[in-house]
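Chain by chain, the residues run as shown.
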Amino acid sequence: MKSLYIILVICCCRDSTALTNLEYPTTLYSVPAPYEPAFGSLLYNPLTEEIDYAYSSFTGIENDPDKVIRIPSVSLNYKDKSEMQSHVVTDEILWPNEVFGVPRGAFKPHYWTSASAFFLPGKDNGTISLIDMTNPYNVTSEDIIPISPFDDGIKWYYHRVLWEDLDYDGDYDAITARAYGDAVSTFEAQLVWFENPGDETAQPFWKTHIIHTGDEDVAFRLQNMTLPDGSETLVIVSSGFFRQALTLAWTVDGNWSNPDSIQHRIIDDFGWYFDLWIEDLNQDGVIDIVASTWYRPDYFGSLVAYEMPVGGDWRTDNWTRHLISDDFRENYVLRGNGAPGGVNVFWPSKQMQLDGEKPHIILSGDDDGHAYLFVPLNQDPDNWEYKKSTFFRAFGTVGAIAIADVDNDGYCEVFVPAYSTNQIIVMSYKP
């Protein structure tokens, strides 16, 4: 069963030296947001057959309600600023982080999911919540269903949830990383999955399965990787922020319910890994990992890429690291701030992807107030140099950027959340 948790319609002449003219997106406008936009996502809505823009909003004020917000049908309305109206879905989730869609068919008719909480007092007891989006203008408490049990004495925070059928029973299970601690360290971190009980309607508090303890705490991705015998296996690629570890987890026989079947390794310990993306960056036919690492007093923030061992075994051989950029620093001195943030790999146009051109990278600067674009200098698979530029500068924090060809015209749109100034900047690559 293939995961389909978020619509990101990946859109970018096989010339070894020339770059495409679609190097930068054009700013269409900035739309006011009623609350600070943090994590943004573009999600397919099966009820309208359009794409909605979802974003979370939170503050560090203990009793200040946090929010999950929706701008409906941006695939129809993004060209008309007046139609880009925000509607609060719920204010009953503490510190919502990423908001994704639950795969179609998992539950009827339509659900979102939110991973929530952080270490701040009053915002630190998180969960994975399902949100019934049947009537998005009237979401009640009964429509918000926590699937991760609350553990006595442990206040977990969650940032991301992805979906896959890990026990091969025909329904989607929830995979996530979680941690608890303070601004300096985690006391514990776990990579876990929650077993879908298989009901047609969503039920709360699913059974917890621990995949690994100690490294994974924030971001991760799912990827099928080829074994030396030619078969494929599901791999969870994770960024360990506090543990400063980029990791892989997989199984010997596909049985994620059996702890003895689960294998684990650390690829690298280069820095405070924040986010990652998996894509064939150099178009050599082999997937790569690109990851961001946060600036800390003992580390510069960076963007790094890793090549899978070609002709070897990714489970045991070294992954080649390529440093793309290492000059990120946060502009604010408040404890817990840092840079850079979320990573997106994409092709500005569908034709560029079809032509086999290298994809581009967009990177949120997070607390350094920039949105960065990385364009490959040429199409040589052995060249890992990029032109780095700032395509948006905020007065404050830049949240998680969402990119998709929302109207299916062959060119990507870009939605940049400017957290500190309550704005969403809408851009397009269409000439």
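Every chain's residues receive numbers from 1 upward, in the order its sequence appears when written. Restriction of local features to residues with pLDDT of at least 70 applies here, the model being predicted, together with a cutoff of 80 or more for giving and counting side-chain atom pairs; totals for whole chains, interfaces and linings are based on all residues. To get the side-chain values, take all heavy atoms of the structure and skip hydrogens and water.

Caption draft 1: Quick peek at the overall build of the protein. In DSSP terms, a helix is any run of H or I states spanning at least four residues, a strand is any run of E spanning at least two, and both are numbered starting from the N terminus. Broken down by element type, the protein carries two helices and 28 strands. With C-alpha atoms as the basis for the radius of gyration, the globule rule is written as 2.2 Å multiplied by the number of residues raised to the power 0.38. In terms of C-alpha radius of gyration, the protein reaches 20 Å, essentially the compact-globule figure of 22 Å for 431 residues. For every residue, the accessible area (1.4 Å probe, protein chains only) is compared with the maximum for its type, and the residue is labelled buried under 20%, exposed over 50%, or partly exposed between those bounds. Scored against the burial criterion, the 431 residues of the protein give a buried share of 61%. We get accessible surface area from the Shrake-Rupley algorithm with a probe of 1.4 Å; when it comes to residues, only the shown protein chains can shield them. As displayed, the protein offers around 16,900 Å² of accessible surface, 48% of which is attributable to carbon and sulfur atoms. Side chains of the protein give 27 positive and 64 negative charges; the mean places of these two sets differ by 4 Å. Positive residues here are Lys and Arg, negative ones are Asp and Glu, while His and the chain termini are left out of the count. Lysine's charge is taken at NZ, arginine's at CZ, aspartate's at CG and glutamate's at CD.

Caption draft 2: Broad picture of the sheet that holds strand β16 (residues 245-251). Two strands are said to pair when DSSP picks up at least two bridges between them. Pairing in this open sheet of four strands is antiparallel, and the strands run β14-β15-β16-β17 from one edge to the other. Among the strands making up the open sheet, the edge pair consists of β14 (219-226) and β17 (262-268). Taking each pair of neighbouring strands and ignoring which way they run, the sheet shows an average axis angle of 25 degrees. The axes are straight lines fitted to the C-alpha atoms, using for helices just the contacting stretch, and the angles between their N-to-C directions are given from 0 to 180°.

Caption draft 3: Examining the sheet that holds strand β8 (residues 128-132) more closely. Overall, antiparallel pairing links the four strands, which are arranged β6-β7-β8-β9 in an open sheet. Since the sheet does not close on itself, it has two edges, and those belong to β6 (96-101) and β9 (144-146), each with one partner. With direction set aside, neighbouring strand axes in the sheet form an average angle of 25 degrees. The sheet contact formed by β6 and strand β7 (residues 111-116) spans four bridges and is antiparallel.

Caption draft 4: Looking closely at the packing of aromatic side chains. The pairing test for Phe, Tyr and Trp rings, Trp by its six-membered ring, is centres within 6.5 Å, and the orientation test on the planes gives stacked under 30 degrees, edge-to-face over 60, and tilted for anything in between. In total, this model carries 24 aromatic pairs according to the counting rule given. Relative to F58, the ring of F39 has its centre 6.4 Å away and its plane inclined at 50 degrees; by these criteria the two rings are tilted. With F39 in the loop between β1 (26-32) and β2 (40-45) and F58 in the loop between β3 (50-57) and β4 (67-71), this pair connects stretches of sequence that are 19 residues apart. On the basis of relative accessibility, which here comes to 10%, the residue F58 falls in the buried class. Between F58 and W95 the ring centres are 4.0 Å apart and the planes differ by 15 degrees, which places this aromatic pair in the stacked class. Pair noted here: F58 is in the loop between β3 and β4 and W95 is in the loop between β5 (87-90) and β6, with a separation of 37 residues, a long-range link. The two residues F58 and W95 agree in class, both being buried. Through a chain of ring-to-ring contacts, three or more aromatic side chains come together here, namely F39, F58, W95, F118, F119, Y157 and Y419. Over a ring means this: the NZ of a Lys or the CZ of an Arg is within 6 Å of the ring centre and within 35 degrees of the ring normal. A cation sits over an aromatic face here: R178 above W156, 4.2 Å from the ring centre. Taking the ring centre of Y372 as reference, the NZ or CZ of K388 above it sits at 4.7 Å.

Caption draft 5: Just the environment of L276, in detail. Mapping L276 onto the fold places it in strand β18 (residues 272-279). Between the C-alpha atom of L276 and that of L323, which follows or precedes it by 47 residues, the distance is 14 Å. For this analysis, residues touch if any pair of their heavy atoms sits within 4.5 Å. When residues no more than four places from it in sequence are discounted, the contact partners of L276 are A219, F220, R221, V237, S238, S239, L246, I289, V290 and A291.

Caption draft 6: Highlighting unusual backbone geometry. Going from K108 to P109, the amide bond is cis rather than trans, its omega being -5 degrees. Take P109: it is sitting in the loop between β6 and β7. The linkage connecting A339 with the following residue, P340, adopts the cis geometry, with an omega of -5 degrees. One non-glycine residue, E49, lies in positive phi territory at about 60 degrees.

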